[in-house]
Every structure is written in C-alpha cells, then in structure tokens.
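A structural walkthrough
Each chain, letter by letter, is given below.
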Amino acid sequence: MIQLATMDGKPAGYSLVFIKTNPFNSRIRKIGLIDHLFVKKELRGRKISSALVREAITWFRRKGIRHLSLFVLERNRIPQAIYRKWGFFPFVVEMRKNL
C-alpha cells in the first residue's frame with residue numbers, strides 16, 4: 001500500500017508498506033513491513049510520519065497482521081528514537097564486511 005500525506009494540498013510525505021512472508025520465525029508466517037517512510041525535511045516535526053504509521057497499522061490490523069518490521073541504518077539515530085517511541089524495538093542485527 002502506498003500512502004501520500006498532504007499539507008495544504010501539496011505532497012508532504014509518503015509511506016510504502018506491504019505484507020511479506022516472515023523469514024526469521026516459522027510460527028509467525030506473515031509480517032507487515034514499513035518499507036519506506038519519508039516526510040519532506042521542512043515539514044518534519046509536525047506528526048506527519050506518526051499519521052502515516054497510524055494509518056499503516058490500521059491497514060495491517062484489517063489484514064490480520066499482528067507483527068510489524070522496518071529497517072533503519074544503524075547511524076540514523078533520530079529515526080531510531082522515533083521508532084522506539086512508536087513501540088518498535090531492535091530485533092535482528094545485520095553485520096557486514098567490506099572487501
């Protein structure tokens with residue numbers, strides 16, 4: 001599902017969410033994924049992302065989804081704090097090595 005947030009009739013932000021098969025836990029077959037969440041820089045701090053996530057959660061619940069996931073870069077501390085405020089918590093750590 002693609003959601004578009006507007007302010008004064010102009011695009012302010014968007015989210016892209018979908019349901020996927022859960023590769024990490026066979027007991028939870030499907031999981032909701034917030035794949036993209038974006039708000040224009042000059043409009044941040046106005047609860048636009050909160051509204052987008054609330055609408056996504058409503059959509060997931062209607063679809064019978066009980067678990068959500070999203071990805072954020074480790075160095076992106078501000079979004080991490082916001083996601084924690086919404087009840088998200090660290091679950092999987094991906095580690096990499098440059099060759």
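Refer to the structure presented above.
Residues numbered from 1 in each chain as written. Predicted model: local features only at pLDDT ≥ 70, side-chain atom pairs only at ≥ 80, totals over all residues. Heavy atoms only, no water.

1. Comments concerning the sheet that holds strand E2 (residues 10-21)
In spatial order, the strands read E1-E2-E3-E4; together these four strands make up an open sheet with mixed pairing. The open sheet has two edge strands, strand E1 (2-7) and strand E4 (68-70), and neither has a second partner. Between one strand axis and the next, the sheet turns by 25 degrees as a mean value, whatever way the strands run. Pairing between E1 and E2: six bridges, direction antiparallel. Bridging from a neighbouring strand, Gln3 pairs with Ser15 of E2. Running over the sheet, helix H1 (residues 48-62) touches E1, E2, strand E3 (30-39) and E4 and is turned about 35 degrees from E2. (Pairing = 2+ DSSP bridges. Helix = DSSP H or I, 4+ residues; strand = E, 2+ residues; numbered from the N terminus. Axes fitted to C-alpha atoms, helices over the stretch in contact; angles between N-to-C directions. Contact = heavy atoms within 4.5 Å.)

2. So, the layout of surface pockets
The volume enclosed by the largest pocket comes to roughly 1,600 Å³. Every residue lining the largest pocket is counted, 43 residues in all, and those nearest its centre are Ser69, Leu70, Phe71, Val72 and Val92. Looking at which element gives the most residues to the lining of the largest pocket, the answer is E3, with six residues. Looking at the second largest pocket, it is lined by 18 residues, and the ones nearest its centre are Val39, Arg44, Gly45, Ser49 and Ile82. Where the lining of the second largest pocket is concerned, the elements lending two or more residues are E3, H1 and helix H2 (77-85). A per-element tally of the lining of the second largest pocket places H2 first, with five residues. Taken together, the residues of the lining of the second largest pocket break down into ten nonpolar, four polar and four charged. (1 Å grid on protein atoms, 1.4 Å probe; cavity = no way out; pocket = protein on both sides within 12 Å on 5 of 7 lines; lining within 4 Å. Points joined across faces, edges and corners; volume = space filled by probe spheres on them. Nonpolar A, V, L, I, M, F, W, Y, C, P; charged D, E, K, R; others polar.)

3. Thoughts on the pattern of salt bridges
Taken as a whole and assessed by the stated rule, the structure comprises three salt bridges. Glu55 is paired through a salt bridge with Arg62; the nearest N and O atoms lie 3.6 Å apart. Assessed through its relative accessible area of 36%, Glu55 is described here as partly exposed. According to the relative accessible area criterion, Arg62 is exposed, its value standing at 60%. Of the charged contacts, one joins Glu74 and Arg77 as a salt bridge, the two residues approaching to 2.4 Å between their closest N and O atoms. On the accessibility criterion, Glu74 (55% relative accessible area) is exposed. (Salt bridge = Lys/Arg side-chain N within 4 Å of Asp/Glu carboxyl O. Buried < 20%, exposed > 50% of the residue type's maximum accessible area, 1.4 Å probe, protein only.)

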